[in-house]
Amino acid sequence: MSTAKNTRKDRVFEIQNKRKQQLSTKDLTLGVIQGNSTALSRAITLVESTKKEHHEQANAIIEECLKITTKTIRIGITGVPGVGKSTFIEAFGKRLTRLGKKVAVLAVDPSSTQTRGSILGDKTRMQELVRDTNAFIRPSPSGVSLGGVARKTRETIILCEAAGYDIILVETVGVGQSETAVHSMVDFFLLLKLPGAGDELQGIKRGIIEMADAIIINKADGDNMKLARAASIDFTRALHLYPPKENGWVPKVLSCSALKKQGLDEIWQVIKTYIALSTKSENFYLKRKKQNKNWLLQTIDDELKLKFYHDSQVSKELEKYIQQVQNNKISPFRAAEKLMLMHHK
């Protein structure tokens, strides 16, 4: 879609927006499906809202968007702070848009209230990608738990796919379980590493290595070239100690320089090869189905927790039981049991 068409559609939508404050579910859904970025942003805001009426409208939009058949690739990206995630995402995203792809960049950041969120800052750093009409960047909602962010990110993925985005880049900004959360919603998982950061295999959780479909040694330029080659050898050897993936894929190790825009085509080629193999073996669709099942189960967990903490009787008694547990007057198990019984009355 051309820039002129995009701009015209957005202007039309903004005019409609001024005329009626509360847009109907039908109008918003149509706007999303037509690829209107303003409508997409409004729909995502509804998804992120905690208001019950917004929740119902968001669900209705998502259900309509799920009916849209899309052929998308969801790519997860993780790496320690300073590894160059934002530079990599911008360079890789721009490479994909030049190939005619529409790219959405999302974040999973459970710590954004404390850190202000990396990707929010990235929007100012990713100047080229922000201006690209074939790209859409959305920070994760702040002030919610990891489970809440992950659920909202999954729903946002559905909206972005219905809006015509071919590639969804999901960045994990937080630490700990956020990698697992991102891995559970993508088709391909990229682990970014730095060359020469001490012993390359020290301090890396086994789980993250097992999740990775490819390890990318970023900043492989200038004086770092020798270090990058050594890191590639180390990681390649380490990966041979792990069993192959369920679909038989052996994770690849590649080097790139996001700053100099080198090695990006090779990374895209590896991702395409992986998607082709997993699609042929039907593992791609089985993985998506498994992810949908996990999405349902996690949503049930979240809803139960939400209803429990919003129970007026529970909220009235919770502090009392917390103090009793802290002072060893009652066991946490007994306190939880009493609060659960209170909730179910």
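Because the structure is predicted, anything quoted here is derived from the model rather than measured.

Definitions and cut-offs
- Residues numbered from 1 in each chain as written.
- Predicted model: local features only at pLDDT ≥ 70, side-chain atom pairs only at ≥ 80, totals over all residues.
- Heavy atoms only, no water.
- Helix = DSSP H or I, 4+ residues; strand = E, 2+ residues; numbered from the N terminus.
- Buried < 20%, exposed > 50% of the residue type's maximum accessible area, 1.4 Å probe, protein only.
- Contact = heavy atoms within 4.5 Å.
- Areas by Shrake-Rupley, 256 points an atom, 1.4 Å probe, with all protein chains shown as cover.
- Core = buried A, V, L, I, M, F, W, Y, C linked by side-chain atoms within 4.5 Å.
- Phe/Tyr/Trp six-rings, centres within 6.5 Å; stacked < 30°, edge-to-face > 60°.
- Lys NZ or Arg CZ within 6 Å of the ring centre and 35° of its normal.
- pLDDT = per-residue confidence, 0-100.
- Pairing = 2+ DSSP bridges.
- Axes fitted to C-alpha atoms, helices over the stretch in contact; angles between N-to-C directions.
- Parallel < 35°, antiparallel > 145°, perpendicular 65-115°, else oblique.
- Nonpolar A, V, L, I, M, F, W, Y, C, P; charged D, E, K, R; others polar.
- Lys, Arg positive; Asp, Glu negative; His and termini not counted.
- Salt bridge = Lys/Arg side-chain N within 4 Å of Asp/Glu carboxyl O.
- Polar contact = N/O pair within 3.5 Å; in protein donor to acceptor, adjacent residues only side chain to side chain.

Asks: Let's hear about the overall build of the protein chain: which residues, and what values?
Replies: From N to C terminus, the protein chain includes 16 helices and seven strands. Of all 345 residues assigned to the protein chain, the portion counted as buried reaches 48%. Taking as baseline every contact in the protein chain between residues at least 6 positions apart, the subset at least 24 positions apart corresponds to 75%. As presented, the protein chain carries roughly 18600 Å² of accessible surface, and 54% of it is formed by carbon and sulfur atoms.

Asks: Go over the nonpolar core with me, naming the residues and quoting the values.
Replies: Among the nonpolar cores identified, the biggest contains 46 residues, and Leu-40 and Leu-159 are the most heavily contacted of them. Per-element accounting of this core gives the leading share, seven residues, to helix 9 (residues 146-162). Leu-159 has contacts with Val-32, Leu-40, Ala-43, Ile-44, Val-47, Ile-61, Ile-62 and Cys-65, leaving out every residue within four places of it along the chain. In this structure, Phe-92, Ala-135, Ile-137 and Phe-188 belong to the second largest nonpolar core, which totals 34 residues.

Asks: Account for the packing of aromatic side chains, with residues named and values stated.
Replies: In total, this model carries seven aromatic pairs according to the counting rule given. Arranged with centres 5.0 Å apart and planes meeting at 90°, the rings of Trp-249 and Tyr-274 form a pair that is edge-to-face. One end of the pair, Trp-249, is in the loop between helix 12 (225-239) and strand 7 (252-255); the other, Tyr-274, is in helix 13 (residues 264-280), and 25 residues separate them in sequence. Grouping residues by exposure puts Trp-249 and Tyr-274 together as buried. Each ring, one from Phe-284 and one from Tyr-285, has its centre 5.4 Å from the other, and the planes form 80°; the classification is edge-to-face. With relative accessibility at 45%, the residue Tyr-285 sits in the partly exposed group. A network of ring pairs unites the aromatic residues Phe-88, Phe-92 and Trp-268 as a single cluster. The ring of Tyr-165 has Lys-102 lying over it, and the distance from NZ or CZ to the ring centre is 4.4 Å. Over the aromatic face of Trp-249 sits the side chain of Lys-252, whose NZ or CZ is 4.8 Å from the ring centroid.

Asks: Go over the confidence of the model for the protein chain, please, and point to the residues and values.
Replies: Of all residues in the protein chain, 83% attain a pLDDT of 70 or more, and the chain-wide mean is 84. Note on residues 113-120: pLDDT is under 50 here. Beyond four places in sequence and across chains, it has 19 contacts.

Asks: Now, about the sheet that holds strand 6 (residues 214-217): what can you tell me, with residues and values included?
Replies: Overall, parallel pairing links the seven strands, which are arranged 3-2-4-1-5-6-7 in an open sheet. The sheet terminates laterally at strand 3 (135-138) and strand 7, the two strands that pair on one side only. With strand direction ignored, the average angle separating the axes of adjacent strands in the sheet is 20°. Judged from the four bridges that link them, strand 5 (residues 188-193) and strand 6 form a sheet pairing that is parallel. Along strand 6, the bridge assignment pairs Leu-191 with Ile-215. Contacts from helix 13 reach strand 1 (73-78), strand 4 (167-172), strand 5, strand 6 and strand 7 within the one sheet, and its direction differs from that of strand 1 by about 125°.

Asks: How would you summarise the packing of helix 15 (residues 312-326) against helix 16 (residues 332-344) if you had to cite specific residues and measurements?
Replies: Two elements in contact, helix 15 and helix 16, have axes whose closest approach is 10 Å; the angle formed by their N-to-C orientations is 170°. One element, helix 15, and the other, helix 16, form an angle in the roughly antiparallel class. Contacts between helix 15 and helix 16 involve Gln-313, Val-314, Glu-317, Leu-318, Tyr-321 and Val-325 from the first element and Pro-332, Ala-335, Lys-338, Leu-339, Met-342 and His-343 from the second. The residue makeup of the contact of helix 15 with helix 16, split by class, is eight nonpolar, two polar and two charged.

Asks: Could you give an account of the pairing of strand 1, naming the residues involved and the relevant values?
Replies: Here strand 1 lies mainly inside the structure; six of its six residues are buried. Of the pairings in the sheet, the one linking strand 1 to strand 4 comprises five bridges and is parallel in character. From the neighbouring strand, Gly-76 faces strand 4, where its bridge partner is Val-170. In this structure, strand 1 lies alongside strand 5, joined through four bridges in parallel fashion. The residue bridging Ile-77 from the neighbouring strand is Leu-190, located in strand 5.

Asks: Break down the side chain of Arg-154 for me, with residues and values.
Replies: Looking at the secondary structure, you find Arg-154 in helix 9. The side chain of Arg-154 is buried and forms no salt bridge, while Asp-302, the nearest opposite charge, is found at 6.8 Å. In terms of polar contacts, Arg-154 uses its side chain to reach the side chain of Ser-184, at 2.6 Å. In contact with Arg-154, not counting residues within four places along its chain, are Ala-181, Ser-184, Met-185, Trp-295 and Gln-298.

Asks: Outline the side chain of Asp-213, listing residues and values.
Replies: Secondary-structure assignment places Asp-213 in the loop between helix 11 (206-211) and strand 6. Look at Asp-213 and you get buried, because its relative accessible area is 2%. Not counting residues within four places of it along the chain, the set of residues in contact with Asp-213 comprises Asp-187, Phe-188, Phe-189, Lys-245, Trp-249, Pro-251, Lys-252, Tyr-274 and Lys-287.

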